[in-house]
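Structural overview for review
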Amino acid sequence: MSNKKLYRSTQNKVFCGVCGGLSDYFGIDVTIIRVVWALITVFTAFFGGIIGYVICAAIIPEGNGGSFEQKSAGEPYTAKPSDEFDSYFKK
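Residue numbers here run from 1 along each chain, matching the order of that chain's written sequence. Whole-chain, interface and lining totals are the exception, using all residues; otherwise, since this is a predicted model, local features are given only for residues with pLDDT of at least 70 and side-chain atom pairs are given and counted only at 80 or more. Note that the side-chain values use all heavy atoms of the structure and ignore hydrogens as well as water.

1. A few points about the overall build of the protein
What counts is decided by this rule: Secondary structure is summarised from DSSP: a helix means a run of H or I of at least four residues, a strand means a run of E of at least two, and numbering begins at the N terminus for each. Here the term buried applies to any residue with accessible area under 20% of the maximum for its type, exposed to any over 50%, and partly exposed to those in between, with areas from a 1.4 Å probe on protein chains only.
A count of helices and strands for the protein gives 4 helices and 2 strands. Tracing the protein from N to C terminus, the helices and strands come up as α-α-α-β-β-α. Every one of the 91 residues in the protein was classed for burial, and the buried ones make up 25%.

This is how it looks when you write it as structure tokens:
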């Protein structure tokens, strides 16, 4: 059995990280998730997609897990995005 848990992404997000979290959980590119969500929103006259997103944002916890936040499963990601930037300018 897999120990995968669904979390909202803190790194790969536009609004609340719901699509980024779904992308990490299912292993699908986040762009595909966002396009499908946009289509659902348009075809349900904005009601289904927007209400669904708000509900997911309220229910799904914000996590510190996911492909952007971990090197591999069970090993926390420790480097900060600014580390590479700082090392470039400290030469």
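Having seen the structure, we can now continue with the description.
2. Concerning the nonpolar core
Cut-off, in case you're wondering: Note on terminology: a nonpolar core comprises buried Ala, Val, Leu, Ile, Met, Phe, Trp, Tyr and Cys residues joined through side-chain atoms within 4.5 Å.
Membership of the largest hydrophobic core is limited to 8 residues, which are V18, C19, L22, V30, I33, W37, Y53 and A57. The set of elements that each furnish at least two residues to this core consists of α1 (18–26), α2 (30–43) and α3 (47–59).

3. Remarks on the packing of α2 against α3
The test is simple: Here an angle of 0 to 180 degrees is reported between the N-to-C directions of two axes, which are lines fitted to C-alpha atoms, with helices fitted over the stretch in contact. In what follows, roughly perpendicular refers to angles from 65 to 115 degrees, roughly parallel to angles under 35, roughly antiparallel to angles over 145, and oblique to any angle outside these ranges. Throughout, a residue-residue contact means that at least one pair of heavy atoms, one from each residue, lies within 4.5 Å.
One way to put it is that α2 packs onto α3 with a least axis distance of 7 Å and a crossing angle of 130°. Accordingly, the angle class assigned to the pair α2 and α3 is oblique. Facing W37, I40 and T41 of α2, the residues of α3 in contact are G49, I50, G52, Y53 and C56.

4. Focus: α2
So the rule is basically this: An expected span of 1.5 Å times one less than the residue number is assigned to each helix. Think of the arc as the fan of directions from the helix axis to the C-beta atoms.
For α2, with 14 residues, the first-to-last C-alpha span of 20 Å sits near the 20 Å given by 1.5 Å per residue. Residues of α2 that are buried include every one of V30, I33, W37 and T41, and no others. For α2, the buried positions fall inside an angular range of 70° around the axis, keeping them on one side. Where α2 is buried, its residues contact α1 and α3. Positive backbone phi, approximately 55°, marks A45, located one or two places after α2.

5. Quick word on the state of the cysteines
By definition, a disulfide is the covalent link that joins the sulfur atoms of two cysteine residues. Quick note on the threshold: Two cysteine sulfurs form what is called a disulfide whenever their separation falls within 2.5 Å.
Per the counting criterion, the structure on display carries 0 disulfides. Left unpaired, C56 is separated from the closest cysteine sulfur, that of C19, by 8.8 Å. Overall, C56 belongs to the partly exposed group, its relative accessible area being 23%.

6. Comments concerning the environment of R8
The condition that has to hold: For this analysis, a polar contact is any N or O atom pair within 3.5 Å, provided that within protein one partner can donate a hydrogen and the other can accept it, and provided that sequence-adjacent residues contribute only side-chain to side-chain pairs.
For R8, the position within the fold is in the segment before α1. Under the relative-accessibility criterion, R8 is labelled buried at 14%. With 12 residues separating them along the chain, R8 and G20 place their C-alpha atoms 6.7 Å apart. Those residues in contact with R8 that sit more than four places away from it in its chain are C16, G17, V18, G21, C56, A57, I60, P61, E62 and G63. Separated by 3.3 Å, the side chain of R8 and the backbone oxygen of C16 make a polar contact. Here A57 takes part through its backbone oxygen, which lies 3.4 Å from a polar atom of the side chain of R8.

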